[in-house]
Amino acid sequence: MKGSDLTPFQHSLLEWYRAHRRALPWREERDPYRILLSEVLLQQTRVDQAIPYYHRFLERFPDLRSLGEADLEEVLRVWQGAGYYARARNLHKLAQIVSAEPPLPTNYARLRELPGLGPYTAAAVASIAFDEPVAAVDGNVRRVISRLMAWENPTPAALQAKAEEWLAAESPGEWNQAMMELGATLCAPRKPACRSCPLARWCAGQASPERYPAPRARQQRATEAVALVLQGPYGVVLEPRQGRSLGGLWGVPMAEGRSLEPLLRRLAASHGTTIPTPEHAGTVQHAFTHRRLTVQVYKSRWEGPAHDPQSKPLSQLDRKILRQAQAL
DNA sequence: AATGCGGGGAG
DNA sequence: CTCCCAGCATT
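The paragraphs below set out a description of the structure included in this document. (Residues numbered from 1 in each chain as written. Chains lettered and ligands numbered in written order. Predicted model: local features only at pLDDT ≥ 70, side-chain atom pairs only at ≥ 80, totals over all residues. Heavy atoms only, no water.)

### Considerations on the overall build of chain A
As a reminder, the rule being used: The numbering of helices and of strands both runs from the N terminus, where a helix is a DSSP run of H or I of at least 4 residues and a strand a run of E of at least 2. Here, two residues are considered to be in contact whenever any of their heavy atoms come within 4.5 Å of each other.
In terms of helices and strands, chain A carries 13 helices and seven strands. Contacts in chain A between residues far apart in sequence, at least 24 positions, make up 66% of those at least 6 positions apart.

Rendered as structure tokens:
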């Protein structure tokens, strides 16, 4: 660890970072579990959005042991609202794996084998918590490198190679965070502050930074669904949600399409009774990344067994539906 | 290589 | 409204 080993390029960024870095909760300490949690929370999530969940999660699950011993449903309840619920399921599974064989792995290759830890998160934890010289390439770093190199459509392999080439191996955790911090603040997607950038003299894309990297083509398709809120003295009928992302959460009975009939048939069969004629309670719109969902919300009086929606982990969509039916 | 997955903030 | 964020798993 010698500052004199740094290239002028590396020195400029690290100097800038030490002077301008934001004081974030997980930067105040070196507990690997807390660093791991922060990195998982930050997957596709802005810093400001992740911070409240970071505190809430640690208050309930201060260490890997307490997390591994908890019920998945409670983990999801604490995660509720943060989105990408597979992250919580994977973190819970990770805690159970690690608790059986105590220490958290301390290198990239073994971290990479754990559920929910992909190339970015494994590299971030390995470098920040364990000082392993491996480059962490997230969306920020992708943009920073693309602009410095004037690359419009870089491949992940090219980005990783360039990131490794530039990595300040003496302080990899700090270097990785500096690259991300630059991308999150000055080298922003729109209106980058090139005049303040410590790397401007090395930047090939500075004349037209917004060209790099080229924006991704997307398509949004509209989908329709119907939901039925069965409410009565014992609460609301909730079903376990299926699927990788929403699995483990609960929700009101729903079906694709615009017709209520198939849903009514399914519910009548599963409950062994006919459903009282539903009344239309309104429409709920919900935006997913590649889909715009329009849900027709119906509700019926229901005297049978039900759940207390306050005690179940629900997605934001289901909370919207319950509010629309005035059941939350 | 393409797709699905949440939620929210900025322009 | 669109874009995209400290991505990952699956196909």
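### Quick notes on the protein's contact with DNA strand C
Which entries qualify depends on this criterion: The cutoff for a nearby residue is simple: one of its non-hydrogen atoms must lie within 4 Å of the molecule or strand. Here a polar contact is taken to be a pair of N or O atoms separated by no more than 3.5 Å, where protein atoms must pair a possible hydrogen donor with a possible acceptor and residues adjacent in sequence count only if both atoms sit in side chains. Under this grouping Gly is polar, as are all residues other than the nonpolar Ala, Val, Leu, Ile, Met, Phe, Trp, Tyr, Cys and Pro and the charged Asp, Glu, Lys and Arg.
In the vicinity of DNA strand C, 28 residues are found, and the nearest of them are Gln 44, Gly 116, Thr 121, Asp 138 and Asn 140. Among atoms of DNA strand C positioned within 4 Å of the protein, sugar and phosphate together represent 59%. Between DNA strand C and the protein, one listed contact pairs a phosphate oxygen with a backbone N or O atom of Tyr 120 at 3.3 Å. Contact distances for DNA strand C include 3.1 Å between a phosphate oxygen and a backbone N or O atom of Gly 139. Listed by contribution, the elements that provide at least two residues to the surface near DNA strand C are α8 (119–130), α9 (139–149) and α11 (172–184). Grouping the amino acids of the surface near DNA strand C by side-chain chemistry returns nine nonpolar, eight polar and 11 charged.

### Re the nonpolar core
Here is the rule we go by: Throughout this description, the term nonpolar core refers to a set of buried Ala, Val, Leu, Ile, Met, Phe, Trp, Tyr and Cys residues connected via side-chain atoms within 4.5 Å. Each residue is placed in one exposure class: buried if its accessible area under a 1.4 Å probe, protein chains only, is under 20% of its type's maximum, exposed if it is over 50%, and partly exposed if it falls in between.
Counting residues in each nonpolar core, the largest one holds 72 residues, and the members touching the most others are Phe 57, Trp 79, Trp 175 and Leu 182. Residue contributions to this core peak at eight residues, all from α8. Those residues within four positions of Leu 182 in sequence are excluded, and the remaining contacts are Leu 13, Trp 16, Val 144, Cys 187, Cys 197, Pro 198 and Leu 199. Ala 227, Leu 322, Ala 325 and Ala 327 belong to the second largest nonpolar core, which has 18 residues in total.

### What to know about α9
With eight of 11 residues buried, α9 is to be regarded as a mostly interior element. Asn 140, Val 141, Arg 143, Val 144, Ile 145, Ser 146, Arg 147 and Leu 148 are the residues of α9 that are buried. The secondary structure elements touched by the buried residues of α9 are α1 (8–20), α10 (156–166) and α11. Ala 150 occupies a position one or two residues after α9 and carries a positive phi of about 55 degrees.

### A look at helix α2 (residues 32–41)
Burial of α2 is extensive: eight of the 10 residues sit out of reach of the surface. The secondary structure elements touched by the buried residues of α2 are α3 (47–60), α4 (64–69), α5 (72–79), α6 (86–100) and α8. Capping of α2 at its N-terminal end is provided by Asp 31; its side-chain oxygen lies 3.0 Å from the backbone amide nitrogen of Tyr 33.

### What about the packing of aromatic side chains?
Rules: Note on aromatic pairs: the rings of Phe, Tyr and Trp (six-membered ring only in Trp) are paired at centre separations within 6.5 Å, and the planes decide the class, stacked below 30 degrees, edge-to-face beyond 60, tilted for the rest.
Tallying each qualifying case throughout the model produces six aromatic pairs. Here Phe 9 and Trp 166 contribute two aromatic rings whose centre-to-centre distance is 5.1 Å and whose plane-to-plane angle is 50 degrees, an arrangement assigned as tilted. Of the two residues, Phe 9 is situated in helix α1 and Trp 166 in helix α10; the sequence distance between them amounts to 157 residues. Of the residues examined, Phe 9 reaches a relative accessible area of 9% and is grouped as buried. The class of Trp 166 is buried, set by a relative accessible area of 13%. Ring centres 5.6 Å apart and planes at 90 degrees place the aromatic pair Phe 57 and Trp 79 in the edge-to-face group.

### Focus: the state of the cysteines
As a reminder of what qualifies: Sulfur atoms of two cysteines make up a disulfide when they are within 2.5 Å.
Tallied over the entire structure, the rule returns zero disulfides. Here Cys 187 is not cross-linked by a disulfide; its sulfur's nearest cysteine counterpart is in Cys 197, at 6.3 Å. Between Cys 194, a cysteine without a disulfide, and Cys 203, which holds the nearest cysteine sulfur, the sulfur-to-sulfur distance is 6.2 Å.

### Looking at the packing of α1 against α11
Convention followed: Only the contacting stretch of a helix is used when fitting its axis, a line to C-alpha atoms as for every element, and angles between N-to-C directions run 0 to 180 degrees. Throughout this description, any angle smaller than 35 degrees is read as roughly parallel, any larger than 145 degrees as roughly antiparallel, any in the 65 to 115 degree range as roughly perpendicular, and the remainder as oblique.
Put simply, α1 and α11 touch, their axes get as near as 9 Å, and they point 75 degrees apart. The angle between α1 and α11 places the two elements in the roughly perpendicular class. Judged by residue contacts, Phe 9, Gln 10, Leu 13, Leu 14, Trp 16, Tyr 17, Arg 18 and His 20 of α1 engage Glu 174, Trp 175, Gln 177, Ala 178, Met 179, Glu 181 and Leu 182 from α11.

### Quick look at the pattern of salt bridges
For side chains bearing opposite charge, pairing can occur when the charged atoms are close. For the record, the criterion: Counted as salt bridges are all cases of a side-chain nitrogen of Lys or Arg within 4 Å of a carboxyl oxygen of Asp or Glu.
The final tally for this structure, using the stated rule, is 14 salt bridges. Arg 18 is the partner of Glu 174 in a salt bridge, and the nearest nitrogen-oxygen pair spans 2.9 Å. Of this pair, Glu 174 sits in helix α11 while Arg 18 sits in helix α1, and the two are 156 residues apart along the sequence. Residue class for Glu 174 comes out partly exposed when judged on its relative accessible area of 24%. Salt bridges here are not isolated pairs; linked through shared partners, they connect Glu 15, Arg 18 and Glu 174.

Shape is all these values report; function is a separate question.
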